[in-house]
Amino acid sequence: MAADDAYAFIAHPTQWVTLADDGRQLLVAERGPLLFVFNFSPDKDYEGLEVPAPRPGKYLVALDSDARAHGGEGRVGAGAEHFTAPAATAEDAGAQFCG
């Protein structure tokens, strides 16, 4: 509940799945102001992965389930900043990707 107190995302009307990749076992979703990136693969990580982002700018990790404190491998840098880059397509000329 502390995360919702900080970001007010649970009841937010914006909810989108922006990437679902069964082959790589990845899911990217937006809920309110947050961007969730889930890697369900038990043996693969994707360093430098670019994911669809709703708005251009800087993104920070708010919760890292791969952190050693949560029993993970600690592969995501705590406090790391992730920036969007233009990635326009014919379907979405304003698309941004966060890498």
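No experiment lies behind these values; they were computed from the predicted model shown.

(A) Inspection of the overall build of the protein chain at higher detail. Looking only at helices and strands, the protein chain has one helix and seven strands in total. Going residue by residue from the N terminus, the α and β elements of the protein chain occur as α-β-β-β-β-β-β-β. Per-residue burial over the protein chain gives 20% buried out of 99 residues. Residue pairs in contact within the protein chain that sit at least 24 positions apart in sequence constitute 28% of those at least 6 positions apart. Element-wise, carbon and sulfur atoms account for 55% of the exposed surface of the protein chain, whose accessible area totals about 7,100 Å².

(B) Region of interest: the confidence of the model for the protein chain. Averaged over every residue, the pLDDT of the protein chain is 81; residues scoring 70 or more account for 86%. Model confidence for the protein chain, summarised as mean pLDDT per element, is weakest for strand β7 (residues 96-98) at 61 and strongest for strand β2 (residues 26-31) at 87.

(C) Looking closely at the sheet that holds strand β3 (residues 34-39). In spatial order, the strands read β1-β2-β3; together these three strands make up an open sheet with antiparallel pairing. A single partner strand is all that each edge strand has here, and the edge strands are β1 (15-21) and β3. Shown here is a sheet whose adjacent strand axes are inclined to one another by a mean of 15 degrees, direction ignored. Bridge count for β1 against β2 is six bridges, and the pairing is antiparallel. The partner of Ala20 across the bridge, within β2, is Leu27.

(D) Molecular detail of the packing of aromatic side chains. Taken as a whole and assessed by the stated rule, the structure comprises two aromatic pairs. With a centroid separation of 6.0 Å and 0 degrees between ring planes, the pair formed by Phe36 and Phe38 is classed as stacked. The partly exposed category is assigned to Phe36, whose relative accessible area is 25%. With 5.8 Å between their ring centres and 15 degrees between their planes, Phe38 and Phe40 make a pair best called stacked. With relative accessibility at 34%, the residue Phe38 sits in the partly exposed group. An aromatic cluster is present here, built from Phe36, Phe38 and Phe40 joined pairwise through their rings.

(E) Summary view of the pattern of salt bridges. Going through the model one piece at a time under the given rule, you end up with four salt bridges. Close ionic contact of Asp45 with Arg75 constitutes a salt bridge, the shortest N to O distance being 3.5 Å. Here the residue Asp45 occupies a position in the loop between β3 and β4 (51-53), and Arg75 occupies one in the loop between β5 (58-60) and β6 (81-86), the gap between them amounting to 30 residues. On the basis of relative accessibility, which here comes to 43%, the residue Asp45 falls in the partly exposed class. Salt bridges sharing common partners tie together Asp45, Asp66 and Arg75.

(F) Here's a closer look at the side chain of Asp66. Counting through the fold element by element, Asp66 comes out in the loop between β5 and β6. A relative accessible area of 14% means that Asp66 is categorised as buried. There is a polar contact of 2.9 Å between the side chain of Asp66 and the backbone nitrogen of Arg75. Once residues lying within four places of it in the same chain are set aside, the contact partners of Asp66 are Gly72, Glu73, Gly74, Arg75 and Val76.

The rules behind each value
- Residues numbered from 1 in each chain as written.
- Predicted model: local features only at pLDDT ≥ 70, side-chain atom pairs only at ≥ 80, totals over all residues.
- Heavy atoms only, no water.
- Helix = DSSP H or I, 4+ residues; strand = E, 2+ residues; numbered from the N terminus.
- Buried < 20%, exposed > 50% of the residue type's maximum accessible area, 1.4 Å probe, protein only.
- Contact = heavy atoms within 4.5 Å.
- Areas by Shrake-Rupley, 256 points an atom, 1.4 Å probe, with all protein chains shown as cover.
- pLDDT = per-residue confidence, 0-100.
- Pairing = 2+ DSSP bridges.
- Axes fitted to C-alpha atoms, helices over the stretch in contact; angles between N-to-C directions.
- Phe/Tyr/Trp six-rings, centres within 6.5 Å; stacked < 30°, edge-to-face > 60°.
- Salt bridge = Lys/Arg side-chain N within 4 Å of Asp/Glu carboxyl O.
- Polar contact = N/O pair within 3.5 Å; in protein donor to acceptor, adjacent residues only side chain to side chain.

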